[in-house]
Each structure stands twice: as C-alpha cells, then as structure tokens.
Amino acid sequence: MSLPLRKRTVHFYEIYVHAYTRVGIQNPSCAPLSALLNCFAGLATKNRLPQTIRKSSQLHTVLSDWHYDQRNNCYQLLISKANAALSDVALRDLGTKRLRMAGKTRVEGIEISAHILLRPNANKQTATFLLTMGAGVAAKDIEVLLGGMSRLASKQRNNRALYWFDDPSGAKDAKGKPMQYQVHYRFSAQAHMGQTLTAALQSGEFEAMDLIAPVRNQFDAGGNLQITEQSLSVHAILPKNVTGASIHNALRLFRARPDAGAYSKLRIHYKTVAGKKTSALLELGNLDAAFTLKEQIEFDTDVEAQQETLNPTVVNGMNSLLQALPT
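These notes cover the structure that comes with them. (Residues numbered from 1 in each chain as written. Predicted model: local features only at pLDDT ≥ 70, side-chain atom pairs only at ≥ 80, totals over all residues. Heavy atoms only, no water.)

What about the overall build of the protein?
Each helix and strand counted, the protein has six helices and 16 strands in total. On C-alpha atoms alone, the protein measures out to a radius of gyration of 25 Å, which is more than a quarter above the 20 Å that the 2.2 N^0.38 rule sets for 327 residues. In terms of overall dimensions, the protein has C-alpha extents of about 80 × 65 × 45 Å along its principal axes. Out of the 327 residues belonging to the protein, those deemed buried represent 41%. Counting only carbon and sulfur atoms, one obtains 50% of the accessible surface of the protein, whose full area is about 18,700 Å². For the protein, the distance from the average site of its 38 positive side-chain charges to the average site of its 26 negative ones is 5 Å. (Helix = DSSP H or I, 4+ residues; strand = E, 2+ residues; numbered from the N terminus. Rg over C-alpha atoms; globule rule 2.2 N^0.38 Å. Buried < 20%, exposed > 50% of the residue type's maximum accessible area, 1.4 Å probe, protein only. Areas by Shrake-Rupley, 256 points an atom, 1.4 Å probe, with all protein chains shown as cover. Lys, Arg positive; Asp, Glu negative; His and termini not counted. Charge placed at Lys NZ, Arg CZ, Asp CG, Glu CD.)

Here is the structure:
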C-alpha cells in the first residue's frame, strides 16, 4: 500500500479536553489545553522516539516526531503505523520479467506515516486538528496518544499545577493550606463541522450534485448482488452562477414533484477556494447543516508514504490550510 507521491488529503477535526475527578466534585477545574500540550511536547522530546501509541500482533502505531512551531503556535506530530497485514511489494527482474517478493517476514509490517497539526484555540478547551489521510492513522490514535501522555505527566511532581486544584469548599488542612483534589483528563476528537452549503459555494465553485435515494433491488440473477441506492445527477450550464440559495430554491421545486419523494440525500461536488475538487453529503431535509471540512494539497516534489521525521513539504502545505481557520 502506498500514498500518492505528490498529494495528500487532509481532514479537519477539533480535539476537546475534558476534566474529571474520582472524588465526586461537580464541574472540576481544567487546565488550558495549550498548557497540557506544552507539557506533552516536553515529554515527547525527553522520551526517546519513536514512542508506542498502540500495539497488537498485526499493528504497531508510534509517535515518530514532535515539533512546536512557535510562529504559528502549532504542534506538529508525525505518527507512523506498521501493518503486518499489508502486502509486501513485488520486484520484477527486468531481464527475465519474473516477479519476486521483496522479503517481508511475518513479524514485519509495511509502515506508512501521517502528519498532524494541533493548534490550541482561544477558548482554551479545544484545538484545531489537521490529519493527513491514507496511512491508517485515525483521530482515535490522537486521543489515545494524548491520554497516555497525560497519565505520564500526572506522575511528575513538576506538573502538579496542571493536575491538582484547590477544593471549591475552601477547606484547609492542619497546616492551614487549602485542601486540593486531583483531576484526570480525557481527550475526544470530533470532525470539524465548519462549513455550510452556502459558505462552500460563496468561497468555492459548484461542479455538480447527485440526489440519492435508498433502494433495495436485486441486481444479478442469483440475488447475491443488491442495488442499495440510486442517484440522479445534476449539472449546471453556468456553474459560477450556482449559489446555496439557488440550490435551495431548485430543490424546493423538485421535492414538490410526485416522483421526488424517494430522494433523501444530496452529494454536492464543488471546487474549494484553493481550486481543489471535493464533495460533501447532506440530508435533503437539512441543507443548512454544517459538514466536515477536508482539503487536498499537492506538492512540487515527491513525498514518500513512510517518513522518519516531519516532512517540511507536507507541513508547509498543511500550514497554509490551518491559517484559513479562525482560532
């Protein structure tokens, strides 16, 4: 398995920090996410990399590199995933035309890398989170990584201010010092739902759309192949004239037709402000709902699928996307 050498698809997320305690305190205090990430960055540089995130008999996911970009207030991470189930590459002898396997053993796995950017937001409890797709690294891996680093950091005395807070009752101990309680942190990633149909077409350009209806029909004689949906493709003579409002109006008229009741979803194809082609799937009954942002970046040079350190070409391309999002 390999990734395209000259492009990557980037998905946008937001990561949240949640504080909880085992002593029954309601609404416990929570350290700013930026302070926690700064603490974790110190742990990453002090610990010998690569650092294991997950490990099983088939998969091994590691943190390979971590860097703080002070100018952009952004943490850059490289996570690599080795998968023993992936097929080994085949080599062809140019003279005899015979193929042979490159020689991967049972205890080895093909490794592919993902780049991540984490930028704390102004609300102190979330961070914008960009992830390159295709390496098998998921948002859940970032949750696991941050959770593991938090448990490690909580055991170090110099991080006490991030994990211990004064009891809200104001109680004091025998020495007159405020009683304190310990908090723990968990992290959750959610898709960045930061774009609506109207916003997408204000900044980009309509290309086409498909109306989708769920169906259940037999496709082959034996019944093994089933049709699960059918679509109606719509194109524009003048794509630049298509706006969110014009799509709303056209769909309102279409849904009034007797044969339109089966269609329940809309897949919109459009170019982003950067000129990249993308798409989004929306419910026909809720076209104003925000959808997940994703973007494709292209490079002037080849970038291999596996990396041992952060690749400036990939990071620079991701940084340009990050700057377009508010903090």
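Some remarks on the layout of surface pockets
Estimates place the volume of the largest pocket at around 410 Å³. What lines the largest pocket is a set of 23 residues, among which Q195, T272, V273, E295 and A324 lie closest to the centre. Every element with two or more residues in the lining of the largest pocket is listed here: helix 4 (197-203), strand 14 (265-271), strand 16 (294-298) and helix 6 (312-322). Here the lining of the largest pocket gets five residues from one element, more than from any other, and that element is strand 16. Residues of the lining of the largest pocket, tallied by class, amount to 11 nonpolar, seven polar and five charged. (1 Å grid on protein atoms, 1.4 Å probe; cavity = no way out; pocket = protein on both sides within 12 Å on 5 of 7 lines; lining within 4 Å. Points joined across faces, edges and corners; volume = space filled by probe spheres on them. Nonpolar A, V, L, I, M, F, W, Y, C, P; charged D, E, K, R; others polar.)

Some points on the sheet that holds strand 14
Pairing between the strands of a sheet comes from backbone hydrogen bonds, and it takes one of two forms, parallel or antiparallel. An order of 13-12-14-15 is seen for the four strands of this open sheet, with the pairing classed as antiparallel. Lying at the two open borders of the sheet, with one neighbouring strand each, are strand 13 (226-235) and strand 15 (277-283). When the angles between neighbouring strand axes are averaged without regard to direction, this sheet yields 25°. As judged from the seven bridges shared by strand 12 (residues 205-218) and strand 14, these two strands associate in the antiparallel manner. Residue F206 lies in a different strand from strand 14, and its bridge partner there is Y270. Relative to strand 12, helix 5 (residues 244-255) is tilted by about 30°, and along the sheet it contacts strand 12, strand 13 and strand 14. (Pairing = 2+ DSSP bridges. Axes fitted to C-alpha atoms, helices over the stretch in contact; angles between N-to-C directions. Contact = heavy atoms within 4.5 Å.)

Points about the pattern of salt bridges
Summed over all chains, the structure comprises four salt bridges. In this structure, R257 and D259 form a salt bridge, with 3.2 Å as the shortest nitrogen-oxygen distance. On the accessibility criterion, D259 (48% relative accessible area) is partly exposed. (Salt bridge = Lys/Arg side-chain N within 4 Å of Asp/Glu carboxyl O.)

Overview of the side chain of N319
Inspection of the secondary structure puts N319 in helix 6. With relative accessibility at 10%, the residue N319 sits in the buried group. For N319, the residues in contact, after removing those within four places along its chain, are D69, N72, Q76 and L117.

With respect to the nonpolar core
Core analysis: the biggest nonpolar cluster contains 46 residues, and I15, F40, W66 and F129 have the highest contact counts within it. Here this core gets eight residues from one element, more than from any other, and that element is helix 1 (residues 33-46). Residues L197, F206, L251 and A260 belong to the second largest nonpolar core, which totals 21 residues. (Core = buried A, V, L, I, M, F, W, Y, C linked by side-chain atoms within 4.5 Å.)

Considering the packing of helix 1 against helix 2 (residues 139-154)
The N-to-C vectors of helix 1 and helix 2 enclose an angle of 85°; their axes lie 10 Å apart at closest approach. It follows from the interaxial angle that helix 1 and helix 2 lie roughly perpendicular. Here L37, C39, F40, L43 and A44 of helix 1 lie close against helix 2, whose contacting residues are L146, M149, S150, L152 and A153. When its residues are assigned to classes, the contact of helix 1 with helix 2 shows nine nonpolar, one polar and no charged. (Parallel < 35°, antiparallel > 145°, perpendicular 65-115°, else oblique.)

Overview of the environment of A138
Note on placement: A138 falls in the loop between strand 8 (126-132) and helix 2. Classification of A138 by relative accessible area gives partly exposed; the value is 35%. Considered as a pair, A138 and I79 are 59 residues apart in the sequence and their alpha carbons are 10.0 Å apart.

Brief notes about helix 1
Across its 14 residues, helix 1 extends 20 Å between first and last C-alpha, which sits within 8% of the 20 Å expected from 1.5 Å per residue. All of the buried residues along helix 1 are L33, L36, L37, C39, F40, A41, L43 and A44. (Expected span 1.5 Å × (residues − 1).)

Topic: the pairing of strand 14
Of the two faces of strand 14, only the one carrying L266, I268 and Y270 is buried; K265, R267, H269 and K271 on the other face are not. When strand 14 meets strand 15, the two strands line up antiparallel, connected through seven bridges. Pairing of I268 across the sheet is with A280, part of strand 15.

Description of the packing of aromatic side chains
For the structure shown, the criterion picks out eight aromatic pairs. Each ring, one from F40 and one from F187, has its centre 6.1 Å from the other, and the planes form 75°; the classification is edge-to-face. With F40 in helix 1 and F187 in strand 11 (residues 184-191), this pair connects stretches of sequence that are 147 residues apart. One aromatic cluster is present, built from ring pairs that chain together W66, Y68 and Y75. Lying over the aromatic face of W164, R160 brings its terminal NZ or CZ to 4.4 Å of the ring centre. (Phe/Tyr/Trp six-rings, centres within 6.5 Å; stacked < 30°, edge-to-face > 60°. Lys NZ or Arg CZ within 6 Å of the ring centre and 35° of its normal.)

Everything listed is a geometric property; what it means functionally is a separate question.
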